Every structure is written in structure tokens, then in C-alpha cells.
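Now for the letters of each chain:
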Amino acid sequence: QVQLVESGGGLVQPGGSLRVSCAASGSISLLNAMGWYRQAPGKQREWVAAIRTGGTTNYADSVKGRFTISRDNAKNTAYLQMNSLEPEDTAVYYCYTGIYGKIPSYWGQGTQVTVSS
């Protein structure tokens, strides 16, 4: 059984920065991708970023240049560094892992990120 535990969410002012983390436990040896989705109230869940085992990254256009995804394979942990945050970034951020290009296999519980003055 794979479990993803997220941390680091909270309240930040517009223009500020925040880093959220996702620690994976269990066997994920065949899962080559980790990433993040987000969902704001009243909106559909949208994909944010993904990273493969080798380090290749991809981003949604809405966050490219502001967000950076990374991973520490030894710690089975993924990170999302969020800079220049805007109120539109307010959402619950969900970590996932799975096969790149496929529907995610496992999800974290979500962590709330609120951008407000």
C-alpha cells in the first residue's frame, strides 16, 4: 500500500512564496512520476506539475516560471516551490504518484494553500 503525506500548506500574502512537500511510503519502485494537482472551490481539479524519476519536469502554463517541482529519490519525497503567488493560486493542492502519461495511481490527502492579504 502506497501512502502520500503532504505538508507545508498555509496562508501567504500575494507575491510571497511557499513550499509544499509530499513524502511517499510503501513500494513505488514501478511508479516513475510524482506531481501535483490543485482544486479551487467551485472549480475543476487542474494539473499543475509533474516530475519523472530522471528529473524531467513539466508544468501547466498558469504556473510555469513561478513554480518549481523537484524530488529527492533517496527520501521518496517530492516538493513544489511556489513563488510569486497570486490569489488565483488559492486551492487545495494534491500530490500524486503513478506512471507518467497515465491517470495517477495514488493520491495524497491534500493541503490547503491560501493566498490573501
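Residues numbered from 1 in each chain as written. Predicted model: local features only at pLDDT ≥ 70, side-chain atom pairs only at ≥ 80, totals over all residues. Heavy atoms only, no water.

Caption draft 1: Focus on the overall build of the protein chain. In terms of helices and strands, the protein chain carries 0 helices and 11 strands. In sequence order, the protein chain lays out its α and β elements as β-β-β-β-β-β-β-β-β-β-β. Computed over the C-alpha atoms, the radius of gyration of the protein chain is 13 Å, within 12% of the 13 Å expected from 2.2 N^0.38 for a compact globule of 117 residues. Projected onto its principal axes, the C-alpha coordinates of the protein chain cover approximately 40 × 25 × 25 Å. Across the 117 residues in the protein chain, those meeting the buried criterion constitute 43%. (Helix = DSSP H or I, 4+ residues; strand = E, 2+ residues; numbered from the N terminus. Rg over C-alpha atoms; globule rule 2.2 N^0.38 Å. Buried < 20%, exposed > 50% of the residue type's maximum accessible area, 1.4 Å probe, protein only.)

Caption draft 2: Region of interest: the state of the cysteines. Considering all chains together, one arrives at 1 disulfide under this definition. Through a disulfide, Cys22 is tied to Cys95; the S-S separation comes to 2.0 Å. The disulfide joining Cys22 to Cys95 has a torsion of about -80° about its S-S bond and is therefore left-handed. Separated by 73 residues along the polypeptide, Cys22 in strand β3 (residues 18–25) and Cys95 in strand β9 (residues 91–98) bring together distant segments of the chain. (Disulfide = S-S within 2.5 Å.)

Caption draft 3: Here's a closer look at the environment of Tyr96. As for its position among the elements, Tyr96 is in strand β9. Tyr96 gets classed as buried once you look at its relative accessible area, which sits at 8%. Along the chain, Tyr96 and Ala24 lie 72 residues apart, while their C-alpha atoms are 9.4 Å from each other. When neighbours within four sequence positions are excluded, Tyr96 is seen to be in contact with Leu4, Ala33, Met34, Gly35, Trp36, Tyr37, Trp47, Ala49, Ala50, Pro104, Tyr106 and Trp107. Of note is the side chain of Tyr96, whose polar atom sits 3.2 Å from the side chain of Trp47. (Contact = heavy atoms within 4.5 Å. Polar contact = N/O pair within 3.5 Å; in protein donor to acceptor, adjacent residues only side chain to side chain.)

Caption draft 4: Representation of the side chain of Arg71. On the secondary structure map, Arg71 appears in strand β7 (residues 67–72). Buried charge without a partner: Arg71 forms no salt bridge, and the closest opposite charge is Asp72, 8.1 Å away. When neighbours within four sequence positions are excluded, Arg71 is seen to be in contact with Asn32, Ala33, Met34, Ile51, Arg52, Thr53, Thr77 and Ala78. (Lys, Arg positive; Asp, Glu negative; His and termini not counted. Salt bridge = Lys/Arg side-chain N within 4 Å of Asp/Glu carboxyl O.)

Caption draft 5: Here's a closer look at the packing of aromatic side chains. Counted according to the given criterion, the structure contains 3 aromatic pairs. With a centroid separation of 5.8 Å and an interplanar angle of 50°, the aromatic rings of Tyr96 and Trp107 are classed as tilted. Here Tyr96, found in strand β9, pairs with Trp107, found in strand β10 (residues 106–107); they are 11 residues apart in sequence, far enough to count as distant. Accessibility expressed as a relative area gives 34% for Trp107, which makes it partly exposed. Among the aromatic side chains, those forming a connected cluster through ring pairs are Tyr37, Tyr96 and Trp107. The positively charged end of Arg45 is found above the aromatic ring belonging to Tyr94, 4.2 Å away from the centroid. Sitting over the face of the ring of Trp107, Arg45 holds its NZ or CZ atom 4.6 Å from the ring centroid. (Phe/Tyr/Trp six-rings, centres within 6.5 Å; stacked < 30°, edge-to-face > 60°. Lys NZ or Arg CZ within 6 Å of the ring centre and 35° of its normal.)

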